[in-house]
Amino acid sequence: MRPGRWEERARRLSLVDILEPLPEEEIERLNWRLPVFRLERGELCYVPGDPADRLFLLHEGRVRLYKLVGGRDFTLAVVGPGTVFGEMSLTGSSRQGAYAEALEPAEVSVIGKEDLRRLIREHPEVGIRIVELLSRRLRDREERLAEMASRNVTERLAALLVRLAEQEGVVTQEGYRIPFRYTHRQLGSMIGANREAVTKALGRLQRSGAVEVSDRRLLVRNLKLLRKLAGHVSPDT
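Residues numbered from 1 in each chain as written. Predicted model: local features only at pLDDT ≥ 70, side-chain atom pairs only at ≥ 80, totals over all residues. Heavy atoms only, no water.

Engineer: Give a description of the sheet that holds strand β10 (residues 176–178) that names residues and reports values.
Structural biologist: Either a parallel or an antiparallel arrangement is found when strands of a sheet pair, and the pairing is made through backbone hydrogen bonds. Across the sheet, four strands lie side by side as β9-β10-β12-β11; this open sheet has antiparallel pairing. Only two strands of the sheet have a single neighbouring strand rather than two, namely β9 (170–171) and β11 (211–214). By the bridge criterion, four bridges tie β11 to strand β12 (residues 217–220) in an arrangement that is antiparallel. Following the sheet pairing, S214 is matched in β12 by R217. (Pairing = 2+ DSSP bridges. Helix = DSSP H or I, 4+ residues; strand = E, 2+ residues; numbered from the N terminus.)

Engineer: Lay out the packing of aromatic side chains with the relevant residues and their values.
Structural biologist: What the rule picks out here adds up to five aromatic pairs. Ring geometry for Y66 against Y99: centres 5.0 Å apart, planes inclined by 10°, an arrangement best described as stacked. Residue Y66 is found in strand β4 (residues 63–69), and its partner Y99 is found in strand β7 (residues 99–102); the two are separated by 33 residues along the sequence. Here Y66 and Y99 have matching classes, each one buried. Taken together, the aromatic side chains of Y46, F56 and F85 make up a single cluster linked through ring pairs. The residue whose ring lies beneath R62 is F180, and the NZ or CZ to ring-centre distance is 5.4 Å. Over the ring of Y66 we find R64, and its NZ or CZ is 4.1 Å from the ring centre. (Phe/Tyr/Trp six-rings, centres within 6.5 Å; stacked < 30°, edge-to-face > 60°. Buried < 20%, exposed > 50% of the residue type's maximum accessible area, 1.4 Å probe, protein only. Lys NZ or Arg CZ within 6 Å of the ring centre and 35° of its normal.)

Note that every value here comes from positions in space, so none of it alone points to a role or purpose.
Have a look at this one:
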């Protein structure tokens, strides 16, 4: 491996949220030990039945975690560079029928349970970061389930776009531009709705002036209005 590439790998490891507290020598050690592989768009990283004995560190690209429910896929989360996925295996359980799919070309490192346990023993801050990560993701899923039970499709889509703007949005003069091109089907899998319902709901949000779609990219023009629409819109008909 070229020296520049080796150094870049170490830099990316140091930027992973749960590994940020580690000293440079530990990052170098992991850089030697952890296997790295690439995923092409649409390729699955794991499927139900695969061993749940490792954690995946995402350095590049985006990965969608989803389950099949009643013949339809439901997105549990979409993760981006600098974080981990497959964390449910750390609780001692399986991944509960989950799939991990690359939404775009991705680079991933793999850390086994034994290496992770050693890290937590020697660097307790890593364990604290993992607990915080699990708590955030659990809270996010609970909020989304509550939205699906109590809000209509337009409200759910508005709430999702608020989260995407806050988490991924690039601030421009026009508003928050969401860089990734989410399809209507993908948005639907994140809020428990079909593609047709998402198309109608997105049309409502565009007519309100809160959102604009250009070149299949979403632009949140008025975040304050979008937050209001997430909880105060007329019921779908």
